[in-house]
Structure formats: C-alpha cells, structure tokens
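Structural description and commentary
The residues making up each chain are set out below.
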Amino acid sequence: MIDIHSHILYGVDDGSESLEMSLEMLRLSEASGVSDIIATPHVNRKGIVPDWAELQERREELQRAADKARIEITIHLGAEVELNGATMDLLQKCTETREYCLADSRYVLIELTNQTRPSIAENMLNTLQLRGYWPVLAHIERFPQLLEEPDQLLSWIRRGVLCQCNAGSFTGEFGPKVKERVRTLYRNGVIHLLGSDGHRTAFRTTDMREAREELARLAHKEQRQDLWQSATANADQILWDRVCYPEVPDHWQPQKRGLLSRLFG
Ligand SMILES: [Fe+2]
C-alpha cells in the first residue's frame, strides 16, 4: 500500500510534533501494510508556505531515523496545497522544478476549502493542467458541494483530475455524514487514491488497518473492486510519474439515504 497523504514530518504544520511521534506514526503505517508514504505538509494554509529545501532536509532526517529503527518504509516528499490565487502564483514558479508535487512527479495534491466555489476551482484546475500539472483532489468526501453537482466532478475526472479519499472516512472516523458520502463516491467509482491524512498517533492516525478490513467487506458486499488494491495500483503510477486513466462512470448513482439523513434531512 502507498499512503499518498500524510502529515508525517514533524514541526512543519499541524501534524507530527516530534521525531518520536513521526517514527510511531510510521510504525502504524508499517503495521497497516504501507511500503511507501508521501509526506504532504500543508502549503498555503493561512498563507504559510514552508520552504521546500527545509522540507527535503526533514524528509531525509526522518528516513535516516526510520532506517535506523528498522522501519521498512520509503518516505517521499509532497505537499497538500490549498487552492487559491496565491497557490497559482506559487506553482507557476515551480513548473520546472516540481517543488510541492507528489514524489517528484507531475501530480500535485490540491485541497479545496468550503469557501471554494466549484466554478472558480474549475478555472484554476484547468490552468494548472495547462501548465503541466496533474491535480489530485484531497479528501473529496469532505465537500458536500461536490456531490450536489456530480456532473461537474465527473467532467473534471474526464479531463484527468484524480480524487483521493481518507481511509478513515470509511470507518466513520469523520462522522456518519462523511461516511455516507465516501460510500456514495465509492459506489460511483470516482475514488482513485487513498491516504491516511494521518496527523498524530492518538487520533487522526496513520493506522489504516480497520479501514483496510472495512474496504474488503465493502468490496464483497457491493461486488466491486477492492479500493485498497486499485488505489495502490494508481498510487504506484504517481511514484513512476505515469498517467492514470481511470474509468469514468457514465451516470451518477445518488446517495443512498441512511437512517440519519432520513431522520434529520
Ligand atoms: Fe491533510
């Protein structure tokens, strides 16, 4: 398994707080069956842009410590870049160097916000693609507006935008509504990549064991491909900087209304 979204580097954002915590997070990843993890610190959140050279040094330090602790995981560098005007300026300067991209590839992990209007996001995503980036949208299950306009999401995917969801969303870690949403996205086959989005060791962790079991159960129940496997295959394409051509569904199956949404709307 390749975890493409994690806050494993310590002291660079709201993720890991120390080298020890980072190592403990890596041990949880290893126990989940992760062989490669991409560190994706927040970039451009509240205007803060961590220096790329410093992030590279922190990655190297953590890899050395992991090797010493005999944790068999390769750590790659990436970023989770909030999408706004400042991001467009930042990434314009990095088109050649691929700074802030995932593992030296052309893929860039993009975080939408609840303030992001889909029409504005669409323009920005198009511009990024014209500059040679391959956008991956982070944890799309957190944005109800994307499910309100699934045709728009499908049109983005048709044009090569990939979608990532958090493994913990399948186990209800982010609440029942997010769980319902992520299942709808799964049923529609629009989740291409998985990540832990792990921040700590006690909550929002890098431990994906429960999610892995839940995904196997879900694949059996829904008679669909196990997302754990397909997401790993797609993440491998990122590490090789190869294009992914996911299938795009021709129609959208609306959300099955669970007891909670039937009761509370
Ligand atoms: Fe994140």
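Here's a quick rundown of the structure. (Residues numbered from 1 in each chain as written. Predicted model: local features only at pLDDT ≥ 70, side-chain atom pairs only at ≥ 80, totals over all residues. Heavy atoms only, no water.)

Description of the overall build of the protein
Regarding its fold elements, the protein presents 10 helices and 9 strands. At 18 Å, the protein has a C-alpha radius of gyration in line with the 18 Å of a compact globule built from 265 residues. By principal-axis analysis of the C-alpha atoms, the protein measures approximately 50 × 40 × 35 Å. Partitioning the contacts of the protein with sequence separation of at least 6, the portion at a separation of at least 24 is 80%. Looking at the protein as shown, the accessible area adds up to about 12400 Å², and 47% of this sits on carbon and sulfur atoms. (Helix = DSSP H or I, 4+ residues; strand = E, 2+ residues; numbered from the N terminus. Rg over C-alpha atoms; globule rule 2.2 N^0.38 Å. Contact = heavy atoms within 4.5 Å. Areas by Shrake-Rupley, 256 points an atom, 1.4 Å probe, with all protein chains shown as cover.)

A word on the environment of Arg 187
Residue position: Arg 187 is located in helix α7 (residues 176-187). Residue classification places Arg 187 among the buried positions, given a relative accessible area of 11%. C-alpha of Arg 187 to C-alpha of Ala 121: the two residues are 66 residues apart in sequence and 24 Å apart in space. For Arg 187, the contacting residues outside a window of four places in its chain are Glu 222, Arg 224, Gln 253 and Lys 256. Here Glu 222 takes part through its side chain, which lies 3.2 Å from a polar atom of the side chain of Arg 187. (Buried < 20%, exposed > 50% of the residue type's maximum accessible area, 1.4 Å probe, protein only. Polar contact = N/O pair within 3.5 Å; in protein donor to acceptor, adjacent residues only side chain to side chain.)

Quick word on the layout of surface pockets
The calculated volume of the largest pocket comes to roughly 400 Å³. Per element, the largest residue contribution to the lining of the largest pocket is 3 residues, and it comes from helix α9 (residues 227-239). Grouping the amino acids of the lining of the largest pocket by side-chain chemistry returns 8 nonpolar, 6 polar and 2 charged. (1 Å grid on protein atoms, 1.4 Å probe; cavity = no way out; pocket = protein on both sides within 12 Å on 5 of 7 lines; lining within 4 Å. Points joined across faces, edges and corners; volume = space filled by probe spheres on them. Nonpolar A, V, L, I, M, F, W, Y, C, P; charged D, E, K, R; others polar.)

Here we look at the environment of Asp 14
By secondary structure assignment, the location of Asp 14 is in the loop between β1 (2-6) and α1 (19-31). Under the relative-accessibility criterion, Asp 14 is labelled partly exposed at 34%. Sequence separation between Asp 14 and Pro 41 is 27 residues, and the spatial gap between their C-alpha atoms is 8.4 Å. Those residues in contact with Asp 14, other than ones at most four positions away along the chain, are His 7, His 42, Arg 45, His 199 and Arg 200. Among the polar contacts made by the side chain of Asp 14, one reaches the side chain of His 199 at a distance of 3.5 Å.

Digging into the coordination of the iron ion
At this site the iron ion is bound by His 5 (NE2), His 7 (NE2), Glu 80 (OE) and Asp 197 (OD), with donor distances of 2.1 to 2.2 Å. In this structure, the iron ion is surrounded by 4 donor atoms whose angles at the metal cover 82 to 170°, and the resulting shape is irregular. The motif formed by the donor residues of the iron ion, counted along the single chain, is H-x1-H-x72-E-x116-D. In this pair, His 7 sits in the loop between β1 and α1 while Asp 197 sits in the loop between β9 (193-195) and α8 (209-222), placing the two residues 190 residues apart along the sequence. Across the pair, exposure class does not vary: His 7 and Asp 197 are buried alike. (Donors = N, O, S within 2.8 Å, 3.2 Å for Na, K, Ca; no water. Tetrahedral: all angles 85-135°; square planar, octahedral: opposite > 155°, others 65-115°.)

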